[in-house]
Amino acid sequence: MKIKDILAKGQPTLSFEVFPPKEESNFASVEKAALEIAKLNPSFMSVTYGAGGGTSQYTVQIASDIQSTCQVPALSHLTCVSSTREKVHSVLREIQAHGIENVLALRGDIPKDGKVEKDYQYASQLIREIRETCPELCIGAACYPEGHVESVNKTVDIGHLKEKVEAGCDFVTTQMFFDNNILYNYLYRIREKGITVPVVAGIMPVTNISQIKRICSMSGTYLPARFKAIVDRFGDNPAAMKQAGIAYATEQIIDLIANHVNGIHVYSMNKPDVAAQIKNNLSEIL
Ligand code: FAD
């Protein structure tokens, strides 16, 4: 099923993200976790593609297994900056051959050594190409309520988001944020610029302190005082931090749904227990 049709129903949706293994030796454990999360029957599940500028040979396989084993619609991520056009199209053929109808089209991070292929510079080019060559695919893109790290300011970044929408993307998913007011302000600004596609809110349940250090160093995401107090108080108690992190994410989600942000995407980090607790916390709300 296409994600744009799921979102068009206007009901709250809860979806989860998993990431593929880097090594074949970890494939079985990642697949097990992904299928456990899929058994929670989310609205859809996304599978990331590489990280830090890499590619991934397992994304489509895991996405396909989620769909065929648990009948949960899958969203296969695809980045372009580290790939040739030939490679991108071979992955697109694989996606379609496995009956996957949704792709999240991304530029990808610039690798640390700066080495990129020459065929694509921006996600908008990939989106336009998918729209032209695979018109039956539902296309998603990334957006950044706090602005993308490389962007000079939010206004410029919103201009580039508009290019992605005009290139043919059907919905966008946000980077994580920990203060809902940032999203509400962003939604106001993008709607004002005529961007009307559905926006799915990306929520990260922070369940351990190393995750927070990584988040801050990579994306500069704003951490509200209320969130910092939780980390200060519970950061060195893993069980308490996990409970508090899940509670914080749950509160964020309830506030979003109460304010009619219906699409909720949880960065579940391959943790079935975290996904299950969040779903359970929302049992009467969804
Ligand atoms: P783009 O939309 O191309 O934007 C990149 C930068 O270029 C921005 O600063 C933008 O403002 C600027 N820009 C865009 N167009 C132009 C233009 N015409 N002229 C000048 N500047 C321009 N990474 C992975 O490796 N794998 C994943 O699976 C993955 N999944 C993600 C899922 C979500 C929901 C999000 C939010 C991010 C994900 N990422 C993933 C990270 C993403 O690849 C990085 O944030 C990357 O740096 C930007 O990708 P993009 O598709 O947003 O790029």
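Refer to the preceding data block for the structure.
What you are looking at is a predicted structure, and each value in this text was computed from that prediction instead of being measured. Along each chain, the written sequence defines residue order, and numbers are assigned to residues from 1. Totals for whole chains, interfaces and linings use every residue, but because this is a predicted model, local features are given only for residues with pLDDT of at least 70 and side-chain atom pairs only at 80 or more, for both listing and counting. Hydrogens and water are ignored here; the side-chain numbers use all heavy atoms of the structure.

Draft legend 1. Layout of the site of the ligand. Here a residue is considered near a molecule or strand provided that any single heavy atom belonging to it is located within 4 Å of it. Neighbouring the ligand are 26 residues; Asp109, Tyr144, His148, Asp157 and Lys164 lie closest to it. Protein burial of the ligand: of its 980 Å² of free accessible surface, 86% is covered by the chains. Secondary structure counts use DSSP, requiring at least four H or I residues in a row for a helix and at least two E residues in a row for a strand, with both numbered from the N terminus. Residue assignment for the shell around the ligand shows that the elements contributing at least two residues are strand 3 (74–79), strand 4 (102–106), helix 6 (154–167) and strand 6 (171–174). With four residues, the single largest contributor to the shell around the ligand is helix 6. All residues other than Ala, Val, Leu, Ile, Met, Phe, Trp, Tyr, Cys, Pro, Asp, Glu, Lys and Arg, Gly among them, are scored as polar; the first ten of these are nonpolar and the last four charged. Here the shell around the ligand is built from residues that sort into nine nonpolar, eleven polar and six charged. Surface accessibility follows the Shrake-Rupley procedure with a 1.4 Å probe radius. Residue values consider only the protein chains on display as shielding.

Draft legend 2. Spatial organisation of the pattern of salt bridges. Any Lys or Arg side-chain nitrogen found within 4 Å of a carboxyl oxygen on Asp or Glu counts as a salt bridge. With the rule as written, the count across this model stands at seven salt bridges. Put simply, lysine 32 and glutamate 36 hold a salt bridge, and the shortest N to O gap is 3.5 Å. Of this pair, lysine 32 and glutamate 36 both sit in helix 2 (residues 27–38), four residues apart, roughly one helical turn. Here's how the labels work: a residue is buried when its accessible area is under 20% of the maximum for its type, exposed when over 50%, partly exposed in between, all with a 1.4 Å probe on protein chains only. Overall, the relative accessible area of 56% leaves lysine 32 in the exposed class. Residue glutamate 36 is classed as partly exposed on the basis of its relative accessible area of 36%. Among the ionic pairs, glutamate 150 bridges to arginine 107, the shortest N-O distance being 2.6 Å. Taken as a pair, glutamate 150 in the loop between strand 5 (138–143) and helix 6 and arginine 107 in the loop between strand 4 and helix 5 (123–133) lie far apart in primary sequence, 43 residues in all.

Draft legend 3. Representation of the sheet that holds strand 8 (residues 263–267) within the structure. Any two strands between which DSSP finds at least two bridges are classified as paired. If you trace the eight strands once around the closed barrel, you get 1-2-3-4-5-6-7-8, paired in parallel fashion. This sheet shows a mean twist of 30° between the axes of neighbouring strands, independent of strand direction. The sheet contact formed by strand 7 (residues 199–203) and strand 8 spans three bridges and is parallel. Bridge pairing links glycine 202 to histidine 265 in strand 8. Any two residues whose heavy atoms approach within 4.5 Å are treated as being in contact. Every axis in this analysis is a line fitted to C-alpha atoms, fitted for helices over the stretch in contact. Angles between the N-to-C directions lie between 0 and 180 degrees. Contacts between helix 10 (residues 238–258) and the sheet are confined to strand 7 and strand 8, with strand 7 contributing the most and set at about 165° to the helix.

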